[in-house]
Amino acid sequence: MRKKILIIEDEERILDFLKRGLTYEGYQIETAVDGSQGLSFAYDTSPDLVILDWMLPEVEHGLDGLEVCRRLRDVGDVPIIMLTAKESVEDRVRGLDAGADDYLVKPFALNELLARVRALLRRSGQDGSKILTFADLSLDTGTHQAFRRERLIEFTAKEYELLELFLRHPRQVLTRDVIYDRVWGYDFGGESNIIEVYVRYLRQKLEGGGEPRLLHTVRGVGYVLRETM
């Protein structure tokens, strides 16, 4: 049964980014663009998790993201991830004190949000760590340890995010745009070759024991995790 996530976000670009990415990962998505609508949906549909923007338009007096968070917490224990451009420690404390379970500063990479979603669902007993496997490669999403047969491979945080993305979509060609969205974020305007650089890092580590290549280039499109032909 697919987990239901309610996104309460008034910025259309971010809302579309989140809806597209979370739907792609198999979640059932409901959306709201202001606090009043978001509360109504939350009361009616009982989501498994809420992603909530702090700076919502105050359609009703005082009904910003903090107030929505407080009202949600007053009636239940649904996991809440708060999104905000506010990054000071004081703001983070205010968000957590209002009842948020986690706090993510914009801009962010979708893969980071997905990891936090999985962690909160796991903490609430609705999800679990997985061992992702493909051919002789395995990745423990709980411990972040990877093995090629018996060989332990260590990755940086960004390398891990990229490898996890490929392992969650084996034999599926991932375009550069999809990879940018999920690993570097909707607001990323980085160097043109950053994906190539990190794919090279992954290949060096994955093939460090002389193993056959698993990560392949699809010219003009992107990359795919598949067995060597």
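Residues numbered from 1 in each chain as written. Predicted model: local features only at pLDDT ≥ 70, side-chain atom pairs only at ≥ 80, totals over all residues. Heavy atoms only, no water.

A. Just the overall build of the chain, in detail. Each helix and strand in the chain was counted, giving eight helices and 12 strands. Over its C-alpha atoms the chain spans a radius of gyration of 19 Å, differing by no more than 12% from the 17 Å that the globule rule assigns to 229 residues. With the C-alpha coordinates of the chain rotated into their principal frame, the extents come out at 65 × 35 × 35 Å. Within the chain, the proportion of its 229 residues that are buried is 48%. Across the chain, every contact between residues at least 6 apart in sequence was considered, and the portion connecting residues at least 24 apart equals 60%. For the chain, the exposed surface amounts to about 11,300 Å²; the carbon and sulfur share of it is 47%. Between the centroid of the 32 positive side chains of the chain and the centroid of its 40 negative side chains there is a distance of 7 Å. (Helix = DSSP H or I, 4+ residues; strand = E, 2+ residues; numbered from the N terminus. Rg over C-alpha atoms; globule rule 2.2 N^0.38 Å. Buried < 20%, exposed > 50% of the residue type's maximum accessible area, 1.4 Å probe, protein only. Contact = heavy atoms within 4.5 Å. Areas by Shrake-Rupley, 256 points an atom, 1.4 Å probe, with all protein chains shown as cover. Lys, Arg positive; Asp, Glu negative; His and termini not counted. Charge placed at Lys NZ, Arg CZ, Asp CG, Glu CD.)

B. Representation of the side chain of glutamate 211 within the structure. Looking at the element boundaries, glutamate 211 is found in the loop between helix 8 (194-206) and strand 11 (215-218). A polar side-chain atom of glutamate 211 sits 2.9 Å from a polar atom in the side chain of arginine 151. Polar contacts involving the side chain of glutamate 211 include one to the main-chain amide nitrogen of glycine 209, which spans 2.9 Å. Here glutamate 211 is in contact with Asp136, Arg148, Arg149, Arg151 and Leu206, once residues within four sequence places are set aside. (Polar contact = N/O pair within 3.5 Å; in protein donor to acceptor, adjacent residues only side chain to side chain.)

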